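Structural description and commentary
Below are the chains, spelled out letter by letter.
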Amino acid sequence: MLAATAPLPGLRVELASAHAETSTVLIELGLVFIVLALLGRLANRIGIPSIPLYLLAGLIMGEGGFIPIDAGEEFLSIGAQIGVVLLLLLLGLEYSPDDLKVGMRTTWQAGIVDLVLNAVPGFVVAQLLGWSVQASIILAGVTYISSSGIIARLLDDFDRVANRETPVILSLLVMEDIAMAVFLPLLAVMLAGATFLQGAFAAGVAIAIVAVAFLLAVRFSRHVSAVVHSHSRELLLLGVLGLAFLVAGLAEAVQVSAAVGAFLLGLTLSGNVADQIRGLMPPLRDVFGGIFFVFFGIGIDPRDLGPVIVPALILAVVTAVTKAGTGVWAARRAGIGPKGQWRTAMSLIPRGEFSIVIAGLGVAAGAQPLLGPLAAAYVLTLAVAGSILMRFADRIPSPLKAPVRGNGSRVRR
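Here's what I pulled together on the structure shown here.

So, how was this worked out
Residues numbered from 1 in each chain as written. Predicted model: local features only at pLDDT ≥ 70, side-chain atom pairs only at ≥ 80, totals over all residues. Heavy atoms only, no water. Patch = residues over 30% accessible without salt bridge, like charges linked within 9 Å, V, L, I, M, F, W, Y side chains within 5 Å. Areas by Shrake-Rupley, 256 points an atom, 1.4 Å probe, with all protein chains shown as cover. Salt bridge = Lys/Arg side-chain N within 4 Å of Asp/Glu carboxyl O. Helix = DSSP H or I, 4+ residues; strand = E, 2+ residues; numbered from the N terminus. 1 Å grid on protein atoms, 1.4 Å probe; cavity = no way out; pocket = protein on both sides within 12 Å on 5 of 7 lines; lining within 4 Å. Points joined across faces, edges and corners; volume = space filled by probe spheres on them. Nonpolar A, V, L, I, M, F, W, Y, C, P; charged D, E, K, R; others polar. Contact = heavy atoms within 4.5 Å. Axes fitted to C-alpha atoms, helices over the stretch in contact; angles between N-to-C directions. Parallel < 35°, antiparallel > 145°, perpendicular 65-115°, else oblique. Expected span 1.5 Å × (residues − 1).

This brings us to a nonpolar patch on the surface. Together, Trp108, Ile112, Leu115, Val116, Val120, Phe123, Val124, Leu128 and Val133 make up a nonpolar patch on the protein surface, roughly 820 Å² of accessible area in all. The element that contributes the greatest number of residues to the nonpolar patch is helix α6 (residues 108–128), accounting for 8 residues. Tracing the backbone through its elements, the reader meets Ile112 in helix α6.

Printed below as a string of C-alpha cells:
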C-alpha cells in the first residue's frame, strides 16, 4: 500500500510545477499581446507602420531589456515562423501572374539599377567593418530590398493606389520579390556550409523549384485556385493555411526557404480565392507578423546596438538616397512627371519584413554577431523615416523640375 502511494507526492510536485510553468507562459504571452495592442494603437494615431514599434517592443522584452521574456520564448519562436509564412503568403497574393509577366518585361532595367545601387552599399559597409564575405552578402540583401508590406499598406492608407506612378512602384517591388525568390535559396545553401559541388547542386535544385513554381503561377493558377476554393470561409481558410504550411515546410526541407515557398504559393492563388483570402487573413497575418518582429527584437541585446548605431545610420542615409535615385530614374523612364517621380522616390525608402527575414537567417546561422543589431537599427531607422517621407512627399521640397516647353512655360504632369 505504501509502495503504491509513494509516487503520488512526486506526481503532485510535477503537476504543480507544470501548472506554474503554464501560468508563467500565459502571463508572459498576455503581456506581449497587450504591449503589441498598445503599440499598434500608438502607430495608428501618429500615422506610422507598427513594424518599428514591434521591433522596439522586442528589444525591451529580450535579454538586457526591461521586461525579459523567458518562459514564452518557445511559443514566440513558433509564432514567428508562422508569421513569416503568413506575411509572405499575403504578399504573394498582392500580385497576379500577369503582374509577374508585365513587371519582368517593363522594369527589368530599373530592377538591375535598383540591385546595383542598393545592394553594393551594404556589401561595402560590411567589408569596411571587417565582416566575412558571407555576412557582407547578407547585409547587401538587407539593404537592397524595400518593404513591400509597408509600402503597399501606405499606398492604400494615403489613397495613392490610383496614382499614375503607383504601377512603377509596384513593378519595382515585384522585381525585388522575384530576386528574393532566387536569393533566399542561394543564401540558405551558403549558410549551410555546403561544399562547392553540394552548393551548386542544391542551388540548381532551388532555382529549378522556383522556376517551376513561377511556371505554375503563370499557367496553372486557376486550376490550383479551383482545388482550394470553397464557399465556406472556414473551409477555405483551413485549406489555404494547410497548403501554405505544407508548401513552406517542403520548401524548407529542400533549402528553398519557407518564406519563398509561401510567397510562391501566394502568387499561384488567383481570382475569387485570392480576393477572399485577402479579406480573411490580414488580421491573422498582423498578429503573427507582430510576433515575428517581436521575436527578432527579443534576440537582440539593446546593449549591442551602441557599436552599430553609426554605421547603421550612415547606411540608412546612403541607401535612402540610392533608393530615391532608383525611383526617380524608373518613373522618368515611364513618362511620369516630376511630382510623380518624387513620390516614387519617397515611396521606395521604407525597409521592413524581407530585410528582417534575410537578417534572421544570418543570425540563426551565426554568420556575424553584430548582423542582428545592425539590421534592427537600420530597419527601424528606414521604416520610420521612410514612412514619414512617404506620407509628406507632396509637402517636401523637391529638387526635380518640370521640363520646359519651347515658349518657356513648364510642363506639369
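What follows is about the layout of surface pockets. By volume, the largest pocket amounts to about 1,000 Å³. Lining of the largest pocket is provided by 41 residues; of these, Gly149, Ile150, Ala152, Arg153 and Arg285 occupy positions nearest its centre. Contributions of two or more residues to the lining of the largest pocket are made by α2 (7–46), α3 (51–61), α4 (73–93), α5 (97–106), α8 (148–157), α9 (166–191) and α15 (282–298). Residue classes in the lining of the largest pocket are distributed as 22 nonpolar, 10 polar and 9 charged.

Before going further, it helps to spend a moment on the environment of Arg332. Summarising the element assignment, Arg332 is placed in helix α16 (residues 309–333). The spatial distance from the C-alpha of Arg332 to the C-alpha of Val168 is 9.9 Å, given a sequence separation of 164 residues. Dropping the residues within four chain positions of it, Arg332 is found in contact with Gln341 and Leu400.

The next thing to look at is the packing of helix α12 (residues 233–253) against helix α14 (residues 271–280). Put simply, α12 and α14 touch, their axes get as near as 11 Å, and they point 95 degrees apart. The orientation of α12 with respect to α14, classified from their angle, is roughly perpendicular. On the side of α12, the interface is formed by Arg233, Leu236, Leu237 and Val240, while α14 contributes Val273, Gln276, Ile277 and Leu280. Residue classes in the contact of α12 with α14 are distributed as 6 nonpolar, 1 polar and 1 charged.

So, on to α16. With 25 residues, α16 extends 36 Å from end C-alpha to end C-alpha; this agrees with the ideal 36 Å at 1.5 Å per step. Positive backbone phi, approximately 80 degrees, marks Gly335, located one or two places after α16.

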